[in-house]
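Listed below are the residues making up each chain.
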Amino acid sequence: MFIITGNYGEKIGKELQSILNIRLVQPIIKKFPDGELYVRVNEKVVDDIAIIVNNAFNGESILETSFLINAIDKMGVKKIISVIPYLGYTRQDKKFLEGEAISSEVIAKFLSMNNSEIFIVEPHSNNIGKYFSCKVNFISPAEEIAKNYANKIDLVISPDKGGIERAKEIASLMGVDYSYLNKKRVSSYEVIMDLNNVSVKGKRVLLVDDVISTGGTILKALELLKSDHANEIHVVCTHGLFLNNSDINIVQNSTSLSCTNTLNTKYSTISISPIIARQLEKFIEN
Ligand code: R5P
């Protein structure tokens, strides 16, 4: 058994390799003069089980992950398992308007090819599971998030109803209450929100979301929680994209900002590698 990572999974791949104590294979990844991607695995790996660790969220990383899977498959390994810490295109998981492409379906079909099993850390919607033609497992970072804030929080809040299960899971691990705010998305950049009768006065709040993209959701939530005089507001998310330097605004308006290490940022202080490793160990035992 071995682990192989691309340019979008190196850090978690190395952490997993050290926890699981298995071989790390380094692929050759380069670009042709016209920008086309080239992937080669130049180590003997025949008759083995491969664990490919790479994010797949933009054109380049999705291609890189697929090329790695293809290269490994062509070498005749027994089984391919892909770990995708951050999978993109999970928000367009259905047709919201007539004529739209279901992006999640296309990406899932693409990544399923030649895979035996895929592990994905908290996709935006579990609905995407049905688009994969191989077995797919979703990994929740709740345990590591709860550990990080143990005894520091009175209330866990999701900025929208869609995130209520996430808030509940983290809150129950911490033995505290949870709630959610009312959010309505106006555009990709704009949301409207109200407190949904939640009272945070004097409380230490953990504001939790799956992804912070433009920061619009979290900034609006911070505004409301501050106006209701929360004592502390800690912001945490699984995938920190922080587009347009939104992290700066969030840091200025909160007590702290952290995310998991599915994406490498200066706030990626919560490692989800132990959780992924446990899931892989279970898979290997079976
Ligand atoms: C939406 O349902 C998600 O859970 C996030 O709240 C959202 O994608 C965050 O996006 P942004 O940071 O652009 O508001």
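Our structure is the block above this text.
The structure reproduced in this document is the subject of the present report.

Conventions used here
- Residues numbered from 1 in each chain as written.
- Predicted model: local features only at pLDDT ≥ 70, side-chain atom pairs only at ≥ 80, totals over all residues.
- Heavy atoms only, no water.
- Helix = DSSP H or I, 4+ residues; strand = E, 2+ residues; numbered from the N terminus.
- Buried < 20%, exposed > 50% of the residue type's maximum accessible area, 1.4 Å probe, protein only.
- Polar contact = N/O pair within 3.5 Å; in protein donor to acceptor, adjacent residues only side chain to side chain.
- Contact = heavy atoms within 4.5 Å.
- Pairing = 2+ DSSP bridges.
- Axes fitted to C-alpha atoms, helices over the stretch in contact; angles between N-to-C directions.

1. Focus on the side chain of Thr90
Working step 1: On the secondary structure map, Thr90 appears in the loop between strand S6 (79-84) and helix H3 (103-112).
Working step 2: Owing to a relative accessible area of 6%, Thr90 belongs among the buried residues under this scheme.
Working step 3: A polar contact is formed between the side chain of Thr90 and the backbone nitrogen of His124, at a distance of 3.2 Å.
Working step 4: For Thr90, the contacting residues outside a window of four places in its chain are Ser104, Pro123, His124, Ser125 and Ile128.

2. Details of the sheet that holds strand S1 (residues 2-5)
Working step 1: Read from one edge of the open sheet, 6 strands run S2-S1-S5-S6-S7-S8, paired in parallel fashion. Looking along the sheet, the strands with just one partner apiece sit at the ends: strand S2 (23-25) and strand S8 (135-139). Between one strand axis and the next, the sheet turns through 20° on average, direction left out of account.
Working step 2: Pairing between S1 and strand S5 (residues 49-53): 4 bridges, direction parallel. What sits directly across from Thr5, in S5, is Val53.

3. Overview of the sheet that holds strand S16 (residues 268-270)
Working step 1: The strand order across the open sheet formed by 6 strands is S10-S9-S13-S14-S15-S16, and the pairing between neighbours is parallel. In the strand order of this sheet, the two ends are held by strand S10 (177-180) and S16, each with one partner. Along the sheet, successive strands turn relative to each other by an average axial angle of 35°, direction set aside.
Working step 2: As defined by bridge partners, strand S15 (residues 256-260) adjoins S16 across 2 bridges and the pair is classed as parallel. Residue pairing across strands places Thr260 opposite Ile270, the latter belonging to S16.
Working step 3: Along the sheet, helix H5 (residues 164-174) contacts strand S9 (155-158), S10 and strand S13 (204-212); its crossing angle with S10, the most-contacted strand, is approximately 165°.
Working step 4: Sheet strands touched by helix H6 (residues 216-227): S9, S13 and strand S14 (232-240). Its angle to S13, the strand with the most contacts, is close to 165°.

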